[in-house]
Amino acid sequence: MQSPSRTILIGGTLAAALTAPVVAAAAPATMDVTITIPQLKVAEYHRPYVAIWVEKAGAPAKTVAVWYDHDMKNNEGNKWLRDVRQWWRASGRTMTFPANGITGATRAPGAQKISFTRAQLGATAAGEYTLVIEAAREVGGRELLRIPFTWPAKAGAGGRAAGKAELGAVSVAFR
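Counting restarts for each chain, with residues numbered from 1 along the sequence as it is written. With pLDDT at 70 or above as the cut-off, local features in this predicted model cover only qualifying residues; side-chain atom pairs require 80 or more to be listed or tallied, and sums for whole chains, interfaces and linings still use all residues. Only heavy atoms go into the side-chain values, all of them from the structure, while hydrogens and water stay out.

Chemist: What should I look at first to understand the nonpolar core in this one?
Modeler: In summary, soluble globular proteins display a tendency toward joint burial of nonpolar side chains. Val33, Ile35, Ile52 and Leu131 are the most contacted members of the largest nonpolar core, which has 28 residues in total. Starting at the N terminus, helices and strands are each numbered in turn, a helix being any DSSP run of H or I of at least four residues and a strand any DSSP run of E of at least two. Of all the secondary structure elements, the ones that give two or more residues to this core are strand S1 (30–37), strand S2 (49–55), strand S3 (62–67), strand S5 (110–117), strand S6 (127–136), strand S7 (142–151) and strand S9 (169–174). Excluding its chain neighbours within four sequence positions, the residues that come into contact with Ile52 are Ile35, Lys62, Thr63, Val64, Ala65, Trp67, Phe116, Leu131, Val132 and Ile133. With 13 residues, the next largest nonpolar core counts Tyr49, Ala51, Val66 and Phe97 among its residues. To form a nonpolar core, buried Ala, Val, Leu, Ile, Met, Phe, Trp, Tyr and Cys residues must be joined to one another through side-chain atoms within 4.5 Å. To sort residues, take the accessible area from a 1.4 Å probe on protein chains only and compare it with the maximum for the residue type: under 20% means buried, over 50% means exposed, and anything in between is partly exposed. By definition, residues are in contact when any of their heavy atoms lie within 4.5 Å.

Chemist: Mind showing me how you'd approach the packing of aromatic side chains here?
Modeler: The geometry of an aromatic ring pair is captured by two quantities: the separation of the ring centres and the angle between the planes. Planes of paired rings set the category: under 30 degrees apart is stacked, over 60 is edge-to-face and the rest tilted, where pairs are Phe, Tyr or Trp rings (Trp by its six-membered ring) whose centres lie within 6.5 Å. Inspection of every chain in the model, using the stated rule, returns eight aromatic pairs. Centroid distance Tyr129 to Phe149: 5.6 Å. Interplanar angle 15 degrees. Geometry classified as stacked. Of the two residues, Tyr129 is situated in strand S6 and Phe149 in strand S7; the sequence distance between them amounts to 20 residues. Considered together, Tyr129 and Phe149 belong to a single accessibility category, that of buried residues. Arranged with centres 5.7 Å apart and planes meeting at 45 degrees, the rings of Phe149 and Phe174 form a pair that is tilted. Here Phe149, found in strand S7, pairs with Phe174, found in strand S9; they are 25 residues apart in sequence, far enough to count as distant. Accessibility expressed as a relative area gives 6% for Phe149, which makes it buried.

Chemist: Teacher, can you tell me more about a positive patch on the surface here?
Modeler: Here a patch means residues that are over 30% exposed by relative accessible area and free of salt bridges, tied together within 9 Å if like-charged and within 5 Å if nonpolar (Val, Leu, Ile, Met, Phe, Trp, Tyr). Note on areas: Shrake-Rupley with a 1.4 Å probe; residue coverage comes only from the protein chains shown. For salt bridges, the criterion is a side-chain nitrogen of Lys or Arg within 4 Å of an Asp or Glu carboxyl oxygen. When charges are counted, Lys and Arg contribute as positive and Asp and Glu as negative, whereas His and the chain ends are disregarded. Here the site of a charge means NZ on Lys, CZ on Arg, CG on Asp, or CD on Glu. A cluster of basic residues, Arg85, Arg89, Arg93 and Arg142, forms a positive patch at the surface. With respect to the secondary-structure elements, Arg85 resides in helix H2 (residues 85–90). By relative accessible area, Arg85 is classed as partly exposed at 39%.

Chemist: Help me understand a negative patch on the surface, please; the structure alone is not making it clear to me.
Modeler: Residues Glu44, Asp69, Asp71 and Glu138 make up a contiguous surface patch of negative charge. Structurally, the position occupied by Glu44 is in the loop between S1 and S2.

Chemist: Quick question: what am I supposed to make of the sheet that holds S9 here?
Modeler: Whether parallel or antiparallel, the strands of a sheet pair through hydrogen bonds between backbone atoms. Strand order in this open sheet of four strands is S5-S1-S9-S8, and the pairing throughout is antiparallel. Both outer strands of the open sheet, S5 and strand S8 (158–162), are each paired with one neighbouring strand and no more. Going across the sheet, the axis of each strand differs from the next one's by a mean of 15 degrees, ignoring polarity. Direction of pairing for S8 relative to S9: antiparallel, over a ladder of five bridges. Residue pairing for S9: Gly159 is matched across the bridge by Val172. The rule for pairing is simple: two strands pair if DSSP sees at least two bridges between them. For every element, the axis is a line fit to its C-alpha atoms; helices are fit only across the contacting stretch, and the angle between N-to-C directions ranges from 0 to 180 degrees.

Chemist: Can you help me understand unusual backbone geometry in this one?
Modeler: Here the residue pair Phe97 and Pro98 is connected by a cis peptide bond, since its omega of -5 degrees sits within 30 degrees of zero. Tracing the backbone through its elements, the reader meets Pro98 in the loop between H2 and strand S4 (103–104). A cis amide bond, omega 5 degrees, links Trp151 with the succeeding residue Pro152. Topologically, Pro152 is positioned in the loop between S7 and S8. Its identity is not glycine, yet Val139 carries a phi of approximately 55 degrees, on the positive side. You can see Val139 is positioned in the loop between S6 and S7.

This is the structure:
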């Protein structure tokens, strides 16, 4: 008599185990961002300072990465962070540098890939968000790109933006 109930229980457990991966696949946990830093033909080239942050209406901006010269003598690189103006106003001026897990060195021209988890993005609630990338370069210009996204995202979803001077193509994909 107990065999049929065990069979049903095992069948139910197996069905739940088989559907769990499908549910996990529907909600990506990682945002992959590719930022192209163009090679500029100028007399005096300096790698750009880049700030990446996430905005959501009604919530404070969440900085997820800052690339700057953090190894300069006497923390001299810090004083140029305010040149990344929109980010500085949004959240940079309230931070202490170097910021653990956020600070990184400036990057060379070419495609730069970086990934963020849902927790790093601060995307704890479902809704509409904007990934913002700003670059500023000494003896150069500034550029700001915005890529809207919805959380939770679908695997393979993403967005693109193209800079004109300090930033090249930027793409976002979820996995």
